[in-house]
Amino acid sequence: MKQWYQRRVRGTQIKREKKVIVIPIQFNNNTQKMSHDQIAQAFVSHYYNIFDTNRAQLETLYKPESMLTWEGQPFQGVAQIIEKIVSLPFQTVKHVVTTQDAQPTPSGVLIFVCGTLAIDNDYEHPLKFSQTFQLLPIPGQAGGFFVFNDMFRLNIG
């Protein structure tokens, strides 16, 4: 027996059927109905493209209540998060996503990413990393999401 129900979460309507959530999301002014996997794919591509080209522009993806944990160090709010990201000790970086997993949550999407990153064009010795994001809907912006939680670790050892 199929069970349908609707729930309002910060102004965004979520429909569920057998643990599949379809949430409208907005990237580049195009609103579409996307599954949590499609949301994750779009977000991950968007996030690392910005990170690799102009890290300061990531500020649009965070809100005052956002939190970043970078190698065990916590940073709260847009200013602290962006200050940390732009102060990283390299000029250029290129992320290559190896795997990504996504799960729906009652109010958003949880994303886990593994990959490599090349720092300052050192493509012969890429570093392995993992990063987890929790995306929540942007209040008052139908289909928009922001990064509520972000955890980053280099996978060394």
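In this text the structure is predicted, and so the values were computed from the model without any measurement.

Describing the sheet that holds strand 5 (residues 62-70)
Consider a sheet: its strands pair through backbone hydrogen bonds, and that pairing is either parallel or antiparallel.
Inference 1: Spatial ordering of the open sheet is given by 6-5-10-9-8-7, a layout of 6 strands whose pairing is mixed. The open sheet has two free edges, formed respectively by strand 6 (73-76) and strand 7 (93-104), since each of these has just one partner strand. Across the sheet, the axes of successive neighbouring strands diverge by a mean angle of 15°, strand direction being ignored.
Inference 2: Where strand 9 (residues 127-137) lies against strand 10 (residues 145-154), 9 bridges are found, and the strand directions are antiparallel. Directly across from F129, in strand 10, lies its bridge partner L154.
Inference 3: Where helix 1 (residues 36-53) meets the sheet, its contacts fall on strand 5, strand 7, strand 8 (109-119), strand 9 and strand 10, and the angle it forms with strand 7 comes to roughly 155°.
Inference 4: Here helix 2 (residues 77-86) sits on the sheet and contacts strand 5 and strand 6; the angle it forms with strand 5, its principal contact strand, is near 40°.

Description of the pairing of strand 6
Inference 1: Pairing of strand 5 with strand 6 involves 4 bridges; the strand directions are antiparallel. Paired with T69 across the bridge in strand 6 is P74.

Remarks on the packing of aromatic side chains
Inference 1: Under the definition given, this model contains 10 aromatic pairs.
Inference 2: When the centroid spacing of 4.8 Å and the interplanar angle of 65° are considered together, the rings of Y47 and F133 count as edge-to-face. In this pair, Y47 is assigned in helix 1 and F133 in strand 9, connecting sequence segments 86 residues apart.
Inference 3: Of the aromatic side chains, those joined through ring pairs into one cluster are F43, Y47, Y48, F51, W70, F129, F133 and F152.

Notes on helix 2
Inference 1: The complete set of buried residues in helix 2 reads G77, I81, I82, K84 and I85. Buried residues along helix 2 cover an arc of 160° about the axis, so they all sit on one side. Exposed and facing more than 90 degrees away from the buried side of helix 2 are A79 and E83.
Inference 2: Looking at the buried positions of helix 2, the neighbouring elements they touch are helix 1, strand 5 and strand 6.

How each quantity is defined
Residues numbered from 1 in each chain as written. Predicted model: local features only at pLDDT ≥ 70, side-chain atom pairs only at ≥ 80, totals over all residues. Heavy atoms only, no water. Pairing = 2+ DSSP bridges. Helix = DSSP H or I, 4+ residues; strand = E, 2+ residues; numbered from the N terminus. Axes fitted to C-alpha atoms, helices over the stretch in contact; angles between N-to-C directions. Contact = heavy atoms within 4.5 Å. Phe/Tyr/Trp six-rings, centres within 6.5 Å; stacked < 30°, edge-to-face > 60°. Buried < 20%, exposed > 50% of the residue type's maximum accessible area, 1.4 Å probe, protein only. Arc of directions from axis to C-beta.

Nothing here speaks to function; it is geometry throughout.
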